Amino acid sequence: DAGVIQSPRHEVTEMGQEVTLRCKPISGHNSLFWYRQTMMRGLELLIYFNNNVPIDDSGMPEDRFSAKMPNASFSTLKIQPSEPRDSAVYFCASRPYPSLTYEQYFGPGTRLTVT
Amino acid sequence: KQEVTQIPAALSVPEGENLVLNCSFTDSAIYNLQWFRQDPGKGLTSLLLIQSSQREQTSGRLNASLDKSSGRSTLYIAASQPGDSATYLCAVNVGFSNDYKLSFGAGTTVTVRA
């Protein structure tokens with residue numbers, strides 16, 4: 001069974017450029033999360049969706065960040081324009097909703113470097 | 001706001017020694033607690049999940065305990081091996097209205113010396 005798939009795995013871009021990160025959740029999971037991990041702030045929840053609907057976007061840093069989930073098998077996180085402080089590892093996770101445990105399954109992450 | 005603290009931040013032990021990793025959380029109204037492992041440059045792998053009604057969970061050499069009323073969980077790893085070297089993250093599932101999200105600790109980085 002394929003786990004959560006993220007692409008690209010590594011992204012290097014220049015300040016001011018648009019960056020799009022992609023995620024495919026585990027088949028059958030109808031809840032999807034975007035996290036950001038940095039040394040300074042640890043793992044932070046940016047936004048999550050249930051049944052393709054954004055439920056909580058309070059962690060999105062600012063208007064430069066946007067996330068969409070056009071269907072049950074695909075989500076994007078977009079940063080426009082990117083800044084050096086956006087450099088981090090971005091993780092996507094999915095889970096069934098509702099469930100007995102609400103256990104989340106994480107993808108391998110996308111390492112973003114903005115120069 | 002739920003705050004999750006992990007102590008110590010780093011730990012180095014010789015091979016064969018038992019590991020004890022601590023996690024504390026400020027709000028005891030949790031749904032469950034998960035322990036994750038993260039290898040350098042990799043994603044998170046779930047190790048154990050303890051429901052709020054449970055006191056402990058075991059998987060092989062791993063045992064996790066939960067004392068919800070005091071806001072504490074401990075992960076024990078018996079007879080440590082160099083392959084156990086990684087960062088271990090604790091996360092509590094909190095929420096309302098039949099939906100929950102994870103709050104993470106900063107992690108404990110473990111080094112097991114051969």
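Right above here is the structure, for reference.
All values derive from a computational prediction rather than experimental measurement. (Residues numbered from 1 in each chain as written. Chains lettered and ligands numbered in written order. Predicted model: local features only at pLDDT ≥ 70, side-chain atom pairs only at ≥ 80, totals over all residues. Heavy atoms only, no water.)

1. Some remarks on the overall build of chain A
Per the secondary structure count, chain A includes 0 helices and 11 strands. For chain A, the succession of helices and strands along the chain, N to C, is β-β-β-β-β-β-β-β-β-β-β. Relative to the 2.2 N^0.38 estimate, which gives 13 Å for 115 residues, the radius of gyration of chain A is 13 Å and therefore close to what a compact globule would have. Principal-axis analysis of the C-alpha atoms places the extent of chain A at approximately 40 × 30 × 30 Å. Going through the 115 residues of chain A one by one, you find that 49% of them count as buried. (Helix = DSSP H or I, 4+ residues; strand = E, 2+ residues; numbered from the N terminus. Rg over C-alpha atoms; globule rule 2.2 N^0.38 Å. Buried < 20%, exposed > 50% of the residue type's maximum accessible area, 1.4 Å probe, protein only.)

2. Re the overall build of chain B
For chain B, the helix and strand inventory stands at 0 helices and 11 strands. For chain B, the sequential pattern of α-helices and β-strands runs β-β-β-β-β-β-β-β-β-β-β. Computed over its C-alpha atoms, the radius of gyration of chain B comes to 14 Å, within 12% of the 13 Å expected for a compact globule of 114 residues. Expressed as lengths along the three principal axes of its C-alpha atoms, the size of chain B is roughly 50 × 30 × 20 Å. Looking at chain B as a whole, 46% of its 114 residues are labelled buried. For chain B, the accessible surface area stands at approximately 5500 Å², while carbon and sulfur atoms represent 48% of it. Positive and negative side-chain charges in chain B, numbering 9 and 9 respectively, have mean positions lying 2 Å apart. (Areas by Shrake-Rupley, 256 points an atom, 1.4 Å probe, with all protein chains shown as cover. Lys, Arg positive; Asp, Glu negative; His and termini not counted. Charge placed at Lys NZ, Arg CZ, Asp CG, Glu CD.)

3. Here's the deal with the environment of proline 61 of chain A
Residue and element names in this part refer to chain A. In this structure, proline 61 sits in the loop between strand 6 (53-56) and strand 7 (65-71). Along the chain, proline 61 and aspartate 86 lie 25 residues apart, while their C-alpha atoms are 9.6 Å from each other. Once residues lying within four places of it in the same chain are set aside, the contact partners of proline 61 are Arg36 and Leu46. (Contact = heavy atoms within 4.5 Å.)

4. Focus: the state of the cysteines
A covalent bond between the sulfur atoms of two cysteines is what we call a disulfide. Per the counting criterion, the structure on display carries 2 disulfides over all chains. Here cysteine 23 of chain A engages in a disulfide with cysteine 92 of chain A; their sulfurs sit 1.9 Å apart. Here cysteine 23 of chain A and cysteine 92 of chain A share a disulfide; its torsion about the S-S bond, -70°, makes the bridge left-handed. Of this pair, cysteine 23 of chain A sits in strand 3 (residues 19-24) while cysteine 92 of chain A sits in strand 9 (residues 88-95), and the two are 69 residues apart along the sequence. Given a relative accessible area of 1%, cysteine 23 of chain A falls into the buried group. What pairs with cysteine 23 of chain B in a disulfide is cysteine 90 of chain B, and their sulfur atoms sit 2.0 Å apart. Because the torsion about its S-S bond is -55°, the bridge between cysteine 23 of chain B and cysteine 90 of chain B counts as left-handed. Of this pair, cysteine 23 of chain B sits in strand 3 (residues 19-25) while cysteine 90 of chain B is found in strand 9 (residues 86-96), placing the two residues 67 residues apart along the sequence. Both residues of the pair, cysteine 23 of chain B and cysteine 90 of chain B, count as buried. (Disulfide = S-S within 2.5 Å.)

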